[in-house]
Structures are given as C-alpha cells and as structure tokens.
Amino acid sequence: MTVITRFAPSPTGFLHIGGARTALFNWLYARHHGGQFLLRIEDTDRQRSTDAAIDAIFDGLDWLGLHADQKPVFQFDRRVRHAEVAHQLLAEGKAYRCWCTQDELVAMREKARAEKKPIRYDGTWRDRDPSEAPAGLDPVVRIKMPQTGETVIEDAVQGRVVVQNAELDDMVLLRADGTPTYMLSVVVDDHDMGVTHVIRGDDHLNNAFRQAQVFLAMGWDLPVFAHIPLIHGPDGAKLSKRHGALGVDAYRDMGCLPEAVRNYLLRLGWAHGDDEIISTEQAIQWFDLDAVGRSPARFDMDKLTALNAHYLRLRDDGELVDLIAPRLDAMGLAVDAAAQARLRQGMAGLKQRARKLDDLAESAAFYVASRPIPMDEKAAKLLDVDAFQRLRVYRDRLRADAPPFEEAALEAHARSVAESLGVGFGKLAQPLRAALTGRGVSPGLFEVMAVLGKAEVEGRLADVLG
RNA sequence: GGCCCCGUCGUCUAGCGGUUAGGACGCCGGCCUUUCAAGCCGGAGGUCGCGGGUUCGAAUCCCGUCGGGGCUACCA
C-alpha cells in the first residue's frame, strides 16, 4: 500500500508555524515511506477564505521546500460530489433532514448549559415525520449517529482513544443552502484522494470520532489517524496571533533559513534520541509517527535562532551574498559589482558571527558603505586622542613599509608597529577597527583589510585622520 | 458543564522497572584572543505536577487528585 498523506489548511490567514509543522510531518512521513504528499485547500467557508491567504500558504510551503506531489485540490470545487454523498446517505436512511431554526438550536444549547447537561443537538427531527416540516424553510441534512456502543480510534500518536457513541450528536452534513460542511467534505475528500494517513493537529482528535462514523456509514475504510500535539505560546495556550505567532513569511523576513525552521519544527514534538542537528535527508530517513510526543510544546525563538546560526554557517558564501543583497538595498546600500566581490570575500568571517540574515546584513554593511563610512557610538569612543596618535604612526608605517596586502603580512606588520609604539596590540587594533569598519566589533581586522584593499584602507584612514 | 488529550531542569526533549535522571537552547565562569562570534572546558538549574498503591526496587506499572490544553457551530 502506498502511503498518501495530505496537508489541508483552510485559507483564512497566513501559513502559521503550527500549520507549517503539520505540513512538515505529513511531508516527511510520505517521503520516508516513498509515498505521496498532497495538498488540499479547505476553502468551503466562502466568507473567510481569501485568495491572499491561498497565496500565502503556497508561498510558505514553497519557501519551506515542502512541495506537494500533485496539483492542490480545492475543496469548494468538489462540493457537488460532497452533496452527492450526503444524498446517498439520506437515501439509505443513514441521514435525515432537520428543520430546526438557528434560534431553536441556540435555545437548545442554552437550556443544556443551564441544566449542566452535555451540549449537543437533541435529535428532534431524527424520528419526526418530514410531513410535519414547517413550510418555506430549507432543512439541513444531519447524519444519524449510532446511539449506543463506542467508537475507537487507534491513533498512531495518541494511542487507542475511545468515546461512547452517546456522546456524539447528529452533526450537520449539508447546510440549509445545500453546501457541505467541513465534517462531510474532509471525509469525502480524504477517501476520494486515497489518503492513507491523516496527520493533523490535536484539535481535530474529537472530530475524528465523528468523521469515523461518516466513513463507516459509507462503508469506506478508515485512514490511519495521527493527531500531533499543538504548539503553544509562551503562556501555554494554543498559539495565535495574540502571541505574535507569525506566519512563516515573518520568519523568512526576519532572516531565518528554511532548513533551520524545518529542523526546529521537527524537534518540536519529535525526537530521535539526543540528536538536535538533523538534516532534512536524515529526517526523511528517521522520521516516523511512533517517535512523535503526545504533549504540547511551546515555541522558543532562541532555539530557532541558535539552529539558524548553525545553518547560516553551513551556507555557501555566494548564496548568502545573494540573500542579504536585498536587505542591504533596503538599508540604502546599493550592492554593486565591487561590493558584491567584497561581500563574497568577506562572507566567511561575517557568517561566523551572524545568527540571522538580518544581523548578517547589518554586520556586512561596512563592506558596502561608501566613504566616509558612518561611525557608531562605540567606534567614536574608541577614536580618542591617543588613538589618533597611534593611527597616524600606523598609517605612516603602512606607507613606508608597504607590506603585502594580505592577512598574515598585515598582521605581522601591525604587531611590529604596536611593539615599537610600546603599547599592547589591542591599543592599536581597536582604533584601527573603528576607523576601517565604523564599529567596535567586526570580523578579524586583517581579513577586513585584505578584503577592503589598500586603496580603500588608506582612504578610510584618511577620512578619520584628515 | 460534558467528552478527549497532556504533565521530566525556564524552554525543547532522552528515558520505556535498577542511570550520579542524559542532551540541546538560554544563563554563569574559564580557555582561546585584535573586538565579537565560533570552538573547547567547566558550572548553576529537575524531590520526574501531587498523593496513594504494586514491587526487593518506579520518572517508568495501577488508582486517585490537581493543573494545563483541545473540542463541544448550518467555522475549518
């Protein structure tokens, strides 16, 4: 049997981080088993579904590298088939029409609440004769749930979960306007798409019981269910916009790498012993449902950032230049060919010190800035009167000795200057760093000088020394 | 209210009857050193939610309890 999984978001907002993890798990499971990963857009709520959200979901999945194996299915397009199934159930006596009004239903719920009884549809029209139906009112179609016995879900993550059928009420399959509800649509689509494993958020666990009854009523095989725990915010509640829980696009914008996000999300609820850094290839090899935890996890930006720093160092220098170029551009620093060459050459030292693309761009700015370069506060403080003295001497010696403009030679030369000056090396190096980078921190000084080149170094020194 | 799920350092987690309860992030200190990172070394941090049991022995099994979360729509 070929494994078929699916990710089925409703396009009512961006692809949030919890959805991204669900998609990742589905994708990994399919890849691990050599199966297929499908995408279905659950857009049956016409009020809340938007094209912008659909695009955001596609973009997010694309960025994360979670590509579906077939064209996405749009659930709304399949509404005729969904209704067909409901009508079949109706014809077979497994569903019935219900003429209760919204007001009646609200009253029903309120009464139940007041009496502290379970809140569910009371089955008014289950046995009532349709001839008693009020005129001029469109009925909904409800499924006839079994009223005795129990429904068992052998969940691949949660284990065996049992609920008494008496707890299940006759849910709506078709709305009064004839459109299918989610409970109907998911089942029909999962069946028709041949989905073998339904991996989704824990918030659907209770729905699984209801949906199982629709599968049964149609005589269809149940897929394997796997309900993965939700991701919580720092306060322990389901992650939402309130927590600043953002769409994956926000993590991209703040400079995260997709491979870092994947690794982070993977470790949120899934483990393989003590392994932390797990490549996607390795994840495909290792991933399985039995190692998925059952308890919810809190989102931790610090850990994501640490992982991101790791993957940043692994990235190709040229790729990183391309990735930060637009950011530098946004900072008002145009990356021309010369700047690109410098960045490319200086990237090894730069990426070692960065955690995200935004601070990588920030720390790379001095390579791109045109003279005279801006000085930050720390640099300005470094350039006191004594520092000027030393820098003048250094500049003169640099001219006179003319060491080859490469790292080792430059360093040896600077050290000899400091020595003849009778000061610790730092007393010369720090002011020099300030003059050349406008910062108190930077990659190795002589690496910077080699990248900048003789003319630029002399120019920047002149800007400071006059 | 009802039903369902969950509960190991601050956080993510390993653990599946016998471990000094391990790792990672974060935090602190050291080494390295031209700054900052990285790297390496070390440290603080957990009475395994709590209470009973079972057992020679329990984070691991059972029961209860408390806490958290989810669902309870003609939303998905």
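Here is a short report on the structure shown in this document. All chains use their own residue numbering, which begins from 1 and follows the written sequence. A letter from A marks each chain and a number from 1 marks each ligand, given out in the order of writing. Under the rules for a predicted model, residues below a pLDDT of 70 receive no local features and side-chain atom pairs below 80 are neither given nor counted, while totals for whole chains, interfaces and linings still include all residues. Only hydrogens and water are set aside when side-chain values are computed; all heavy atoms of the structure are taken into account.

1. A short note on the pairing of strand β10 (residues 224-228)
Let me state the cut-off plainly: Residue burial is assigned from relative accessible area. The probe radius is 1.4 Å, only protein chains are included, and a residue is buried under 20% of its type maximum, exposed over 50%, and partly exposed in between. Strands are runs of DSSP state E lasting at least 2 residues, helices are runs of H or I lasting at least 4, and numbering of each runs from the N terminus. Call a crossover right-handed when, viewed with both strands pointing away from you, the route from the first strand across the helix to the second goes clockwise.
Burial runs high along β10: 4 of the 5 residues are buried. Once the chain exits strand β9 (residues 197-201) it traverses helix α6 (residues 205-218) before rejoining the sheet at β10, and the crossover so formed is right-handed.

2. Comments concerning the pattern of salt bridges
As a reminder, the rule being used: Note on definitions: salt bridges are taken to be side-chain nitrogens of Lys or Arg within 4 Å of carboxyl oxygens of Asp or Glu.
For the structure on display, the rule yields 33 salt bridges. Linking Lys356 and Asp358 is a salt bridge whose minimum nitrogen-to-oxygen distance equals 3.6 Å. Exposure remark for Asp358: the relative accessible area of 32% places this residue in the partly exposed category. When the shortest N-O distance is used, the salt bridge between Glu362 and Arg439 registers 4.0 Å. In this pair, Glu362 is assigned in helix α13 (residues 357-368) and Arg439 in the loop between α17 (425-437) and α18 (445-452), connecting sequence segments 77 residues apart. Each member of the salt-bridge network shares a partner with another, and the members are Arg6, Arg40, Glu42, Arg78, Arg81, Glu84, Asp189, Asp190 and Asp192.

3. Details of the packing of aromatic side chains
Note the cut-off: Here a pair means two rings of Phe, Tyr or Trp (six-membered ring of Trp) with centres within 6.5 Å. Their orientation is stacked below 30 degrees between planes, edge-to-face above 60, and tilted elsewhere. Whether a charge sits over a ring comes down to the Lys NZ or Arg CZ being within 6 Å of the ring centre and within 35 degrees of the ring normal.
Under the counting rule described, the total for this entry stands at 9 aromatic pairs. Between Phe25 and Phe287 the ring centres are 5.1 Å apart and the planes differ by 55°, which places this aromatic pair in the tilted class. With Phe25 in helix α1 (residues 17-32) and Phe287 in the loop between α9 (280-286) and β12 (297-298), this residue pair connects regions lying 262 residues apart in the sequence. The exposure class of Phe25 is buried, given its relative accessible area of 0%. With relative accessibility at 0%, the residue Phe287 sits in the buried group. Taken together, the aromatic side chains of Phe25, Trp270 and Phe287 make up a single cluster linked through ring pairs. The side chain of Arg415 reaches across the aromatic face of Phe425, ending 4.1 Å from its centre.

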